[in-house]
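Secondary and tertiary structure notes
Take a look at the letters that make up each chain.
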Amino acid sequence: MKRRNFIATAAAGSAGLASTSAMAYGQGSTKDFILKNNINHSVCEWCFNDIPLEEFLSNLNELGIKAIDLVGPKDWPTLKKYGIHCSMCNGAEISLTEGWNNPKYHEQLIKNYTEMIPKVAEAGYTNLICFSGNRNGMNDYVGLQNCVDGLSQIMPLAEEHGVVIQMELFNQVNHPDYMCDNSLWGVELCKHLGSDNFKLLFDIYHMQIQEGDIIRSIQNYHPYFGHYHCAGVPGRHEIDETQELYYPAIIKAIHATGFKGYVAQEFIVTWEDKIGALKDAFERCDI
């Protein structure tokens with residue numbers, strides 16, 4: 001075959017693969033959609049926030065999905081109306097860039113989390129997100145100790161109420177200067193705090209970009225990972241054949257650790273059928 005013909009054929013095949021992916025999995029009715037549920041599925045609300053919340057929760061009911069991520073107290077009554085659990089609460093943080101590594105935010109953060117932790121517990125939820133904040137020229141060891149100093153002041157309350165504070169890991173491409181940008185730094189923070197009520201939110205998308213070797217990280221550090229987020233690399237889109245990660249193997253590795261928490265989809269949808277794209281992602285992760 002001539003080179004130019006081969007290139008044309010290969011390009012057509014690649015386009016066809018992406019098209020087939022969208023058609024083969026998630027498109028169409030949810031009528032016969034039944035999950036094995038060997039893992040606890042969830043989805044991040046912000047990725048689908050152009051769909052009215054009640055409509056989206058109704059979609060999750062149809063899919064048999066029992067949880068949603070990153071919802072604050074004002075919407076918890078709506079979740080309860082639809083029988084959907086909040087698998088990762090938010091609303092106590094200041095911002096991704098203003099976090100526990102900077103002592104000037106400790107007073108406000110301690111106030112916020114002291115108020116929020118009992119609310120999370122009273123609502124029947126467990127996980128509450130937090131962020132390290134940006135470096136802004138700060139040494140990583142100094143930032144780690146600052147996080148320990150601040151978080152130590154809320155951990156007794158979290159332990160008392162059975163709430164798990166979870167710090168999310170981010171990459172430096174999408175979140176330049178964020179301090180908690182690698183597994184080792186996050187694990188070291190967990191060790192310094194020494195509490196089962198502090199864990200890492202291991203975002204697979206972010207850590208594939210930042211450090212790679214995803215399955216090895218899961219195998220080595222899973223006791224410190226309390227929650228997982230899923231999205232495709234590159235682009236943070238669907239977790240289908242258009243991206244470089246093979247999620248069935250990753251989810252099997254998570255399951256093999258005995259993980260009992262939630263694995264949440266957090267991708268930016270490109271398909272016209274958004275619920276179909278979500279259905280596809282759940283199917284790929286339903287090992």
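Note that the coordinates shown come from a computational prediction; the quantities given were computed from them, not determined experimentally.

Of all the 5 residues making up strand 3 (residues 85–89), 4 are buried; the element is thus mostly covered by neighbouring parts of the structure. When strand 2 (residues 67–71) meets strand 3, the two strands line up parallel, connected through 4 bridges. Looking across to strand 3, one finds that D69 is bridged to M88. In this fold, strand 2 hands off to helix 3 (residues 76–81), which returns the chain to strand 3; that crossover is right-handed.

This part covers the pattern of salt bridges. For the structure on display, the rule yields 11 salt bridges. A salt bridge links K74 to D75; its shortest N-O distance comes to 3.1 Å. Put simply, D140 and R135 hold a salt bridge, and the shortest N to O gap is 2.6 Å. For D140, a relative accessible area of 25% puts it in the partly exposed group. For R135, a relative accessible area of 15% puts it in the buried group. Taken together, the shared-partner salt bridges in this structure form one network comprising R135, D140 and D181.

We now examine the environment of K111. Mapped onto the secondary structure, K111 falls in helix 4 (residues 106–122). Separated by 19 residues in sequence, K111 and A92 place their C-alpha atoms 8.7 Å apart. Among the polar contacts listed, one links the side chain of K111 to the side chain of E115, at a separation of 2.9 Å.

A few words now on the nonpolar core. Core analysis: the largest hydrophobic core is formed by 93 residues, its most contacted members being I165 and F198. Residue contacts for F198: discarding those within four places in its chain leaves C130, L151, M155, V164, I165, M167, L189, C190 and L193.

So, on to the packing of aromatic side chains. The full count for this structure, using the stated rule, is 10 aromatic pairs. Here the aromatic rings of F48 and F56 are separated by 5.0 Å at their centres, their planes lie at 15°, and the arrangement is stacked. As far as the burial class goes, F48 and F56 line up, both buried. Considering the side-chain rings of F202 and F225, the 4.4 Å spacing of their centres and the 20° angle between planes classify their relative orientation as stacked. One end of the pair, F202, is in strand 6 (residues 198–203); the other, F225, is in strand 7 (residues 225–230), with 23 residues separating them in the sequence. Here F202 and F225 have matching classes, each one buried. Taken together, the ring pairs in this structure connect F202, F225, Y228 and F259 into an aromatic cluster.

Moving on, we come to the environment of V187. Along the polypeptide, V187 turns up in helix 7 (residues 183–193). Judged by its relative accessible area of 3%, V187 is buried. Aside from chain neighbours lying at most four places away, what touches V187 is L200, Y221 and Y224.

A few words now on the packing of helix 5 (residues 140–151) against helix 7. Running from N to C, helix 5 and helix 7 point in directions that differ by 40°, and their axes come no closer than 10 Å. Judged by the angle between their axes, helix 5 and helix 7 are oblique. Considering the relative orientation of helix 5 and helix 7, their crossing is right-handed. From helix 5, D140, G143, L144, Q145, C147, V148 and L151 reach across to helix 7, where they touch W185, E188, L189, H192 and L193. Taken together, the residues of the contact of helix 5 with helix 7 sort by class into 7 nonpolar, 3 polar and 2 charged.

In this section: the side chain of R236. Considering the arrangement of structural elements, one finds R236 in the loop between strand 7 and helix 10 (247–256). R236 sits in the buried class, given a relative accessible area of 10%. A distance of 2.7 Å separates a polar atom in the side chain of R236 from a polar atom in the side chain of E266. Contact partners of R236, with chain neighbours within four places excluded, come to W46, D203, Y205, H206, A231, E266, F267 and I268.

What counts as what
- Residues numbered from 1 in each chain as written.
- Predicted model: local features only at pLDDT ≥ 70, side-chain atom pairs only at ≥ 80, totals over all residues.
- Heavy atoms only, no water.
- Buried < 20%, exposed > 50% of the residue type's maximum accessible area, 1.4 Å probe, protein only.
- Helix = DSSP H or I, 4+ residues; strand = E, 2+ residues; numbered from the N terminus.
- Pairing = 2+ DSSP bridges.
- Right-handed = clockwise from strand over helix to strand, strands pointing away.
- Salt bridge = Lys/Arg side-chain N within 4 Å of Asp/Glu carboxyl O.
- Polar contact = N/O pair within 3.5 Å; in protein donor to acceptor, adjacent residues only side chain to side chain.
- Core = buried A, V, L, I, M, F, W, Y, C linked by side-chain atoms within 4.5 Å.
- Contact = heavy atoms within 4.5 Å.
- Phe/Tyr/Trp six-rings, centres within 6.5 Å; stacked < 30°, edge-to-face > 60°.
- Axes fitted to C-alpha atoms, helices over the stretch in contact; angles between N-to-C directions.
- Parallel < 35°, antiparallel > 145°, perpendicular 65-115°, else oblique.
- Left-handed = near helix turned anticlockwise from the far one by under 90°.
- Nonpolar A, V, L, I, M, F, W, Y, C, P; charged D, E, K, R; others polar.

Keep in mind that these numbers describe shape and distance, not what the molecule does.
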